[in-house]
Amino acid sequence: MNYDLYLTKADRKALEGSIKKWEGIVAGTMIDEGVANCPLCQIYCCCEGCPVQEWTGAAECMCTPYADYEIAYRQEDGRKMKVAAKKELAFLKDLLRRGIDY
């Protein structure tokens, strides 16, 4: 795991957009469409260079609460989805706070 996370202006903007997406999911006003509505995925379609991957060392957000969200989605467990969505939102906000402008 990398302890310094350097963010470009584009990284910061995309991360803020991903936070807005998850705020909407938690509020029930948005749905997760995976890559299709993830600002980070729009820039880093193969995860290479994505701040999430840089921080966790794993592709496709698999070392984040998003993995639990995906499992809950497949199980059609709305309660677990909500819990995982809140955790993903907190994770992304924490990542933004840790970011150092590059």
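For the structure, check the block above.
Conventions and cut-offs
- Residues numbered from 1 in each chain as written.
- Predicted model: local features only at pLDDT ≥ 70, side-chain atom pairs only at ≥ 80, totals over all residues.
- Heavy atoms only, no water.
- Axes fitted to C-alpha atoms, helices over the stretch in contact; angles between N-to-C directions.
- Helix = DSSP H or I, 4+ residues; strand = E, 2+ residues; numbered from the N terminus.
- Parallel < 35°, antiparallel > 145°, perpendicular 65-115°, else oblique.
- Left-handed = near helix turned anticlockwise from the far one by under 90°.
- Contact = heavy atoms within 4.5 Å.
- Nonpolar A, V, L, I, M, F, W, Y, C, P; charged D, E, K, R; others polar.
- Core = buried A, V, L, I, M, F, W, Y, C linked by side-chain atoms within 4.5 Å.
- Buried < 20%, exposed > 50% of the residue type's maximum accessible area, 1.4 Å probe, protein only.

Draft legend 1. Highlighting the packing of helix α1 (residues 9-27) against helix α5 (residues 78-98). Relative to each other, α1 and α5 sit at 155 degrees, their axes nearing to 9 Å. As far as their axial angle goes, α5 and α1 are roughly antiparallel. Considering how the two elements wind past one another, α1 and α5 form a crossing that is left-handed. Judged by residue contacts, Arg12, Leu15, Glu16, Ser18, Ile19, Trp22, Glu23, Ile25 and Val26 of α1 engage Lys82, Ala85, Lys86, Glu88, Leu89, Leu92, Lys93, Leu95 and Leu96 from α5. Split into classes, the residues belonging to the contact of α1 with α5 amount to 10 nonpolar, one polar and seven charged.

Draft legend 2. Seen up close, the nonpolar core. Leu15, Trp22, Leu40, Val52, Tyr69, Leu92 and Leu95 are the most contacted members of the largest nonpolar core, which totals 26 residues. Elements represented by at least two residues in this core include exactly β1 (5-7), α1, α3 (51-56), α4 (65-74) and α5. At eight residues, α5 tops the list of elements feeding residues into this core.

Draft legend 3. Representation of the environment of Cys45. Position of Cys45 among the secondary structure elements: in the loop between α2 (39-43) and α3. Classification of Cys45 as exposed rests on a relative accessible area of 61%. Once the C-alpha coordinates of Cys45 and Gly99 are considered, the two residues, 54 residues apart in sequence, prove to be 21 Å apart.

Draft legend 4. Summary view of unusual backbone geometry. Its identity is not glycine, yet Cys47 carries a phi of approximately 75 degrees, on the positive side. The exposure class assigned to Cys47 is buried, which follows from its relative accessible area of 14%. Located in the positive-phi region is Glu76, a residue other than glycine, with phi close to 55 degrees. With respect to the secondary-structure elements, Glu76 resides in the loop between α4 and α5.

Keep in mind these numbers describe shape, not what the thing actually does.
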